[in-house]
Amino acid sequence: MSYRQKHLLAIEGLYPPEIGHLLDLAESYVLLNRSGKTQRDLLRGRTLINLFFEDSTRTRTSFEIAGKRLGADVINMSVSTSSVNKGETLLDTAATLNAMHCDLLVVRHDQSGAPNLLAQKVDAAVINAGDGTHEHPTQALLDALTIRRRKGRLESLVVAICGDVLHSRVARSNIHLLTTMGSRVRVVGPPTLMPTEAERLGIEVFHDMERGLAGADIVMMLRLQRERMQRGLVPSAREYFRFFGLDAAKLAVAKPDALVMHPGPMNRGVEIDSAVADDPHRSVIREQVEMGVAVRMAVLDTLSRGHGRNEF
Amino acid sequence: MRDVLFASVRLLDPASGLDLHGDLLVRDGLIADWGPSLGRPDDALVVAEQGAVLCPGLVDIRAALGEPGYEYRETIASAAQAAAAGGITTLAALPDTLPAIDDPALVRLLRARGDETGSLTILPYGAVTVGCRGEELAELGLLAEAGAIAFTDGGHTVGSARLMRLALSYAKGFGARIAQHPEEPSLAAGGAATESERATRLGLPGIPAAAEAIQVARDIRLTALTGGAVHFAHVSTAEALRLIRQAKEDGINVTCDTAPPYFDLNETAIGDFRTYAKLSPPLRKDADRQAVVAALADGTIDAIASDHQPRDADDKRQPFAQATPGGTGLTTLLSVTLAQVHSGTVSLGQAIGLLTAKPARLLGVRAGRIEKGQPADLCLFHPERIWQVESGKLPGKAQNTPFDGRALEGLVLGTWKAGRRVFG
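## Considering the packing of aromatic side chains
Line of reasoning, step 1. Scanning the entire structure with this criterion turns up four aromatic pairs over all chains.
Line of reasoning, step 2. Both rings, one in tyrosine 240 of chain A and one in phenylalanine 244 of chain A, keep their centres 5.7 Å apart while their planes meet at 40°; by these two values the pair is tilted. Within this pair, tyrosine 240 of chain A and its partner phenylalanine 244 of chain A are both found in helix α9 (residues 237–244), separated by four residues, close to a single helical turn.
Line of reasoning, step 3. Lying across the ring of phenylalanine 241 of chain A, lysine 250 of chain A places its NZ or CZ 5.8 Å from the centre.
Line of reasoning, step 4. Over the ring of tryptophan 34 of chain B we find lysine 372 of chain B; its NZ or CZ atom is 5.0 Å from the centre of that ring.

## Concerning the pattern of salt bridges
Residue and element names in this part refer to chain A.
Line of reasoning, step 1. Using the criterion set out here, one finds 41 salt bridges over all chains in the structure.
Line of reasoning, step 2. Here glutamate 64 makes a salt bridge to lysine 68, at a shortest N to O gap of 3.0 Å. Of the two residues, glutamate 64 and lysine 68 both sit in helix α2 (residues 57–69), four residues apart, roughly one turn of that helix.
Line of reasoning, step 3. With a relative accessible area of 38%, lysine 68 lands in the partly exposed category.

## Quick look at the sheet that holds strand β1 (residues 47–52) of chain A
All names here are of chain A.
Line of reasoning, step 1. The strand order across the open sheet built from four strands is β2-β1-β3-β4, with neighbouring strands paired in parallel fashion. A single partner strand is all that each edge strand has here, and the edge strands are β2 (73–78) and β4 (125–131). Adjacent strand axes in the sheet meet at a mean angle of 15°, parallel and antiparallel pairs treated alike.
Line of reasoning, step 2. Two elements, β1 and strand β3 (residues 104–109), share five bridges in a ladder whose sense is parallel.

## Points about unusual backbone geometry
Line of reasoning, step 1. Of note, the bond from glycine 264 of chain A into proline 265 of chain A is cis; its omega dihedral lies within 30 degrees of zero at -10°.
Line of reasoning, step 2. In this fold, proline 265 of chain A is placed in the loop between β9 (259–261) and α11 (274–277).
Line of reasoning, step 3. Cis geometry marks the peptide bond from leucine 98 of chain B to proline 99 of chain B; its omega dihedral reads 0°.
Line of reasoning, step 4. Here alanine 418 of chain B, not a glycine, exhibits a phi torsion of approximately 50°, which is positive.
Line of reasoning, step 5. Within the secondary structure, alanine 418 of chain B is located in the loop between β17 (407–417) and β18 (420–423).

## A closer look at the nonpolar core
Line of reasoning, step 1. By size, the foremost hydrophobic cluster in this structure holds 91 residues, and its most contacted members are Phe232, Leu334 and Phe381 of chain B.
Line of reasoning, step 2. Ignoring anything within four residues of it in the chain, the contact list for leucine 334 of chain B reads Leu58, Gly86, Ile352, Leu355, Cys379, Phe381 and Val412 of chain B.
Line of reasoning, step 3. Within the second largest apolar cluster, 62 residues are counted, among which are Leu48, Val165, Ile203 and Ile218 of chain A.

## Looking at the pairing of strand β8 (residues 218–221) of chain A
Residue and element names in this part refer to chain A.
Line of reasoning, step 1. Burial along β8 is two-sided: the residues Ile218 and Met220 and Val219 and Met221 are all buried.
Line of reasoning, step 2. Across four bridges, strand β5 (residues 158–162) lies against β8 in parallel orientation. Across the sheet, alanine 160 pairs through a bridge with valine 219, a residue of β8.
Line of reasoning, step 3. In this sheet, β9 lies alongside β8 in parallel orientation, the contact comprising three bridges. When the bridges of β9 are listed, valine 219 appears paired with valine 260.

## Some thoughts on the confidence of the model for chain B
Line of reasoning, step 1. Across chain B, the average pLDDT comes to 97, with 100% of residues at 70 or higher.
Line of reasoning, step 2. Here the prediction assigns the complex a pTM of 0.95, and the interface score ipTM is 0.92.

## A look at the interface of chain B and chain A
Line of reasoning, step 1. Facing 17 residues of chain B, the contacting portion of chain A comprises 23 residues.
Line of reasoning, step 2. Between chain B and chain A lies a buried interface of about 1700 Å² when both sides are counted; carbon and sulfur atoms form 49% of it.
Line of reasoning, step 3. If you sort the residues of chain B by the area they bury against chain A, Thr200, Arg201 and Pro319 of chain B come out on top, with a joint share of 35%.
Line of reasoning, step 4. Inspection of the region where chain B meets chain A yields three salt bridges.
Line of reasoning, step 5. Where arginine 201 of chain B meets glutamate 12 of chain A, a salt bridge forms, and the shortest distance between an N and an O atom there is 2.7 Å.
Line of reasoning, step 6. Our count for the chain B to chain A interface comes out at ten residue pairs in polar contact (both at pLDDT 80 or more).
Line of reasoning, step 7. When the residues that make up the side of chain B that touches chain A are grouped by side-chain class, the tally is six nonpolar, five polar and six charged.

## Let's talk about the layout of surface pockets
Residue and element names in this part refer to chain A.
Line of reasoning, step 1. Counted as a void, the largest pocket has a volume near 1400 Å³.
Line of reasoning, step 2. Lining of the largest pocket is provided by 50 residues; of these, Gly132, Thr133, His167, Ser168 and Arg228 occupy positions nearest its centre.
Line of reasoning, step 3. For the lining of the largest pocket, the element with the highest residue contribution is helix α6 (residues 169–180), accounting for three residues.
Line of reasoning, step 4. Its residues placed into classes, the lining of the largest pocket shows 16 nonpolar, 21 polar and 13 charged.

What counts and what doesn't
- Residues numbered from 1 in each chain as written.
- Chains lettered and ligands numbered in written order.
- Predicted model: local features only at pLDDT ≥ 70, side-chain atom pairs only at ≥ 80, totals over all residues.
- Heavy atoms only, no water.
- Phe/Tyr/Trp six-rings, centres within 6.5 Å; stacked < 30°, edge-to-face > 60°.
- Helix = DSSP H or I, 4+ residues; strand = E, 2+ residues; numbered from the N terminus.
- Lys NZ or Arg CZ within 6 Å of the ring centre and 35° of its normal.
- Salt bridge = Lys/Arg side-chain N within 4 Å of Asp/Glu carboxyl O.
- Buried < 20%, exposed > 50% of the residue type's maximum accessible area, 1.4 Å probe, protein only.
- Pairing = 2+ DSSP bridges.
- Axes fitted to C-alpha atoms, helices over the stretch in contact; angles between N-to-C directions.
- Core = buried A, V, L, I, M, F, W, Y, C linked by side-chain atoms within 4.5 Å.
- Contact = heavy atoms within 4.5 Å.
- pLDDT = per-residue confidence, 0-100.
- Buried area = accessible area lost by both parts, 1.4 Å probe.
- Polar contact = N/O pair within 3.5 Å; in protein donor to acceptor, adjacent residues only side chain to side chain.
- Nonpolar A, V, L, I, M, F, W, Y, C, P; charged D, E, K, R; others polar.
- 1 Å grid on protein atoms, 1.4 Å probe; cavity = no way out; pocket = protein on both sides within 12 Å on 5 of 7 lines; lining within 4 Å.
- Points joined across faces, edges and corners; volume = space filled by probe spheres on them.

Next comes the structure, spelled out in structure tokens:
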């Protein structure tokens, strides 16, 4: 079974074979990319629009490179969400995109569900590049590819996702993907940064790094935004680092070969210590970036073929 | 005006306990007579529907109108159309309009605008605070004198405990009730859905159910402190209902209503970001919905309101957290309530009482009853006939129903205002 949806809006709801298909294809693109070759005939004549309502240089660039390596015409559109009537902009933009006959639409938005709304209105296949605090499916796929290449599997691993889970779309997508593929997921952080009824997602909740990281195969750190301190969810950056920042001492309770991951951009000294982030034996943070391009090529490839359109 | 004879219908009036199979005669717009079998005046228009029930025109204790200020959502004329299609002949209108109903002239205007429709009596709520801003008390006395039926800030909670105390205390002097939107503002701020597993999965900022209970608990104590009268609008949680039940047992002057979404739907209705199901308060977990059903059955809830909130397409075609909350409710009020009759929660008499006699008594008006010599405000419905709610095809302008697609058993066949047929 290959991928059965028209869009990629969320990891939640995907079946293991769909995820496996995307990862297998991405694997082949890793090899292609490393060989220095491209496949510019695959998406020749197709238009890919990167529609970013929120700044993100790395994700946008990653999609741009992925699209160009496959030969698509890539256009970047950055739309400010500071204007008063955001929703109107979103739907006006959808109408404009339809008129321009866009084939693949990559959307980043600060509101959960915005790509779902766009997907109802545009003809293009929509790829969610991060929506509010909902999902960031390509990030979870690239994390999974990184893990699979290093550990040889995605099942029966113990994965600790640490930090601001409440506001993290990366955490949600990773939780769905890793539990779907048969790994055990723990989330670790202060109770004020844990979502309501998190355990109902099939995961374990810890408020103590030492217990949460004990025996972990993977330690996935999340970015803590300064705004969380301002809103009083965490008293201060130094207190956060003391209890939830990843340093060598806290990492010591994980498995000796545990991998350290971070979706970037990192706040060094807040959620992660530089010594850990830059440790070539433990940190796969730079590898994640490489996998990002391959995964996005696989997603663009798959969706442009229109696998399973109207199957549901 | 021709006489109207309703022939061989079930006459149901919870206010008087009337429940018999027979005829009812309307003469000169007034209810003239009823009985098991009346003679048929030669010139009377005969209305006969097999299996139909004739009850008082419904009294809706809580609905927002688009006027003044939000005519793009709905006008009073279009709301009256939707109300008539729902069997509603009397409606208490919320004051958080633009401008807010905080001036006696606006109260008189709204009453007059209702009368102009010829189908709907509008009973305006007055604002508790100037502009419904929660800062200073509005002229409650002058508003009451002009005909304000009670006081509320509509969808805004009177947040300050001091101000709420003053309002309850001061309104007592005019025999008026304060209706509160029970949602602790700082806990609810920024929230888009009930705080739960579902909100977690969708990545939506949550509003905890406790936000309702906290506000209810505070205001029960302030009511006890002042000896005033409080009414909690659209109560939606088990915890709040428990507090209200207890307060009633303690003899505190507390009443409450709920609205059909809170006993017919739960949070799953928001599905994948369906903004038509974004309401205020938000749709709750099913355990809360079940508690609302139980509170309908045991009498804790005093009335069922439409909680009508007209929105236009642009209010709703937004990312979920940015969409304006609120759903229409006028046309579906009776039918969704009847689902609770069919499921055995309440009797038909209880259900109609919650839509007629009880809200009328709370509002202190003579509507919602079948009484000889009184204007013939009547609703004729068939309790079993089936129809399907379809957004885009509902009467009136606003189409933002949370019940889109719902098949309902129970259909309004006709509505009469002062003896004149205004629907059907």
